[in-house]
Structures are given as structure tokens and as C-alpha cells.
Amino acid sequence: MDAPIARYHEDGYLVLPGFKSGAEVAALRQRALAIVEAFDPGDRRTIFSTTDQARGTGDEFLASAEGIHCFFEEEAFDAQGRLKQAKALSINKIGHAMHDLDPVFDAFSRGPRIAALARALGLEQPQLWQSMYIFKQPGIGGEVKWHQDASFFDTTPGSVTAFWFALEDATRDNGCLWVQPGGHRGPLRERFVREGDTVRMQALDDTPWPDTASAVPVEVAAGTLVCFHGLLPHWSAPNRSPVSRHAYTLHATDARCHYAETNWLRRERLPLRGFD
Ligand code: FE2
């Protein structure tokens, strides 16, 4: 494991093909579809958009910190507010506490292998704050603009680490991740700040985002785990292809570091756990 870890520190990310078996991936996908099937949106139309932060940040967004909520794709509805395609093809993501509330997600998210990996990446006392099941739906899967995950999980010193599992092959066509290798050595550019029940993006540093020409696509097969540093700039394009690009992500910080009170994600009822 030493060589890949050295690579992680050099590049800010690490690609581990075949980390999950086909059966593990299938179990998680099946469970996610069951959650969507059981989800009755009623009049709720919570859209998740990173290009328009204010729309993804209603009460339901804040409540999802300790729950299991489905968020729609921005382009899911027509002008009359009706779904343009089946519900199962309209959801942007499920978030943000499945890893603590759902046994199938719990089993996928934890275990000795990922616990050892997290330790090797420097998380001595990992705290798993967030899980997201990202659908990147065919045709309407939205863009996720350049960002650094540390903007959403501010700790002192910095510690947030992302664990990104491909549940389907991720390609340039269906909106794979793009990263700036080594970009984790740059500054944190902005911080997503919560004050009471409102959130806003606060600018910290005007270092420009990488230009797309210098970005590297992370095209990976289903079952691959991509780990990346909280400061690594990354983005993903909209999915205009006919195939989805399901992925599952976990974000962990180190309990030895101070977790900012201004972070949007708070745990008031559900205890935090690590990878064990
Ligand atoms: Fe991200």
C-alpha cells in the first residue's frame, strides 16, 4: 500500500480499481432504487443544483444531514412542473446519512479494508459525516462545477477526505470526474458557511479554478474506489449520454481536528461513527 499512498500525497487522489465486487455494487444499486421507489415527492420538489446554490439549500437540505432524502435533477421538470421522465430517472442524488440509517449502505460504507485505507491516508480517528448516492441521470444529469470538498467540511487543520465509488463505468461521455493532479497543494478558494438556517458561499482566495485543458478525466470501471484530498479541485460535466453514471461518495474528517461550527452539516441526534 506504500506506493499508492505516496501517489496520493503527490497527486491528491488515488484510483483503486476493483475495490468493490460486482455483488457489492449490485446490492447498493438495488437498495438505492428501492429508496427512490418508496419516495413520495408529494408537493416537495427539492432540486439539487451546485450551479445555483440557493436552490439546493431549503429546510429539506438541512434536514437531510440526519436523514435519507431524495433530491431531483434541475432539468427533471417541464415548464408545468411535471416530471419529464420516470421518477427513477429524475433523481439527482440521495443524501446524506444513509451510511448510518440504512443497513445495506452501512455495510457498503464500513469494514476492515476501508478502515485500514482511511488510516493509511492519515485519518486516525475518522468521522463519517456524509453519504451521497449520485445518479448522474442519462440526458439530464447536471454539471458539478469546479470545487473543493473542503469548502463543505472545514476543519482545523484540514482533514476532509472523499471516498468516491464508481457503481457504473464512468467515462467522458457520461460525466466522469475531472481533477487537477497536484491541485490539492493550492489554497482553499471558498467556504460554504451556515448561519442559523441559511447558507452561503464565502470567497476566501481568488486563485482561479484550473482551466479545463489542464484537467485529467478519471475514467474508471464500476467497482473502482477513487480517494481524494479535500483540497483537490474537481468537477464533472453534465451527462448528455443515454447511460447513467451512478456513484456513491463518503466524506470523512479526523476527530482530532476541530470541526467548524459554520459547516452546514451538523449532527444533533445521530452519533458520528468511523469506518469500523
Ligand atoms: Fe466534490
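A short tour of the structure in this document, coming up.

## A short note on the coordination of the iron ion
Now for step 1: Protein coordination at the iron ion: the donors are His147 (NE2), Asp149 (OD) and His234 (NE2), at 2.1 to 2.2 Å from the metal.
Now for step 2: Each donor residue of the iron ion lies on the same chain, and together they follow the pattern H-x1-D-x84-H. One end of the pair, histidine 147, is in strand E5 (residues 144-147); the other, histidine 234, is in strand E13 (residues 234-236), with 87 residues separating them in the sequence.

## Focus: the side chain of serine 241
Now for step 1: Checked against the element boundaries, serine 241 lands in the loop between E13 and strand E14 (247-254).
Now for step 2: Overall, serine 241 belongs to the buried group, its relative accessible area being 10%.
Now for step 3: At 2.8 Å, the side chain of serine 241 and the side chain of asparagine 239 are in polar contact.
Now for step 4: Sequence-distant contacts of serine 241, that is, excluding residues within four places in its chain, are made with Pro138, Gly139, Asp173 and Asn174.

## Observations regarding the layout of surface pockets
Now for step 1: Within this model, the second largest pocket holds a volume of roughly 250 Å³.
Now for step 2: Residue lining of the second largest pocket: 22 residues in total, with Gly158, Ser159, Val160, His229 and Gly230 positioned closest to the centre.

## Section: the state of the cysteines
Now for step 1: Applying the stated criterion across every chain, the model contains zero disulfides.
Now for step 2: We note that cysteine 176 lacks a disulfide partner, and the nearest cysteine sulfur, in cysteine 227, lies 17 Å from it.
Now for step 3: For cysteine 176, a relative accessible area of 0% gives the class buried.
Now for step 4: Look at cysteine 227 and you get buried, because its relative accessible area is 0%.

## Structural notes on the nonpolar core
A general tendency of soluble globular proteins is for nonpolar side chains to be buried together.
Now for step 1: Among the nonpolar cores identified, the biggest contains 39 residues, and Ile94, Tyr133, Phe163, Phe165, Tyr248 and Phe275 are the most heavily contacted of them.
Now for step 2: When sequence neighbours within four positions are dropped, the list of residues in contact with phenylalanine 275 reads Ser109, Arg110, Gly111, Ile114, Ala115, Ala118, Pro126, Leu128, Phe163, Leu250 and Ala252.
Now for step 3: Listed in part, the 19 residues of the second largest apolar core include Ala166, Ala170, Ala215 and Val220.

## Focus: the environment of glutamine 85
Now for step 1: Inspection of the secondary structure puts glutamine 85 in the loop between strand E2 (68-72) and strand E3 (91-96).
Now for step 2: You can call glutamine 85 partly exposed: its relative accessible area is 21%.
Now for step 3: For the pair glutamine 85 and valine 216, spaced 131 residues apart in the sequence, the C-alpha separation amounts to 32 Å.
Now for step 4: In terms of polar contacts, glutamine 85 uses its side chain to reach the backbone carbonyl oxygen of alanine 76, at 3.1 Å.
Now for step 5: Engagement of the side chain of glutamine 85 in a polar contact is seen with the side chain of serine 90, the distance being 2.9 Å.

## Regarding the pattern of salt bridges
Now for step 1: For the coordinates displayed, the defined rule picks out 17 salt bridges.
Now for step 2: Residue arginine 267 is joined to aspartate 100 by a salt bridge in which the shortest nitrogen-to-oxygen separation is 2.8 Å. In this pair, arginine 267 is assigned in the segment after strand E15 (258-259) and aspartate 100 in helix H4 (residues 98-101), connecting sequence segments 167 residues apart.

Reading guide: rules and limits
Residues numbered from 1 in each chain as written. Predicted model: local features only at pLDDT ≥ 70, side-chain atom pairs only at ≥ 80, totals over all residues. Heavy atoms only, no water. Donors = N, O, S within 2.8 Å, 3.2 Å for Na, K, Ca; no water. Helix = DSSP H or I, 4+ residues; strand = E, 2+ residues; numbered from the N terminus. Buried < 20%, exposed > 50% of the residue type's maximum accessible area, 1.4 Å probe, protein only. Polar contact = N/O pair within 3.5 Å; in protein donor to acceptor, adjacent residues only side chain to side chain. Contact = heavy atoms within 4.5 Å. 1 Å grid on protein atoms, 1.4 Å probe; cavity = no way out; pocket = protein on both sides within 12 Å on 5 of 7 lines; lining within 4 Å. Points joined across faces, edges and corners; volume = space filled by probe spheres on them. Disulfide = S-S within 2.5 Å. Core = buried A, V, L, I, M, F, W, Y, C linked by side-chain atoms within 4.5 Å. Salt bridge = Lys/Arg side-chain N within 4 Å of Asp/Glu carboxyl O.

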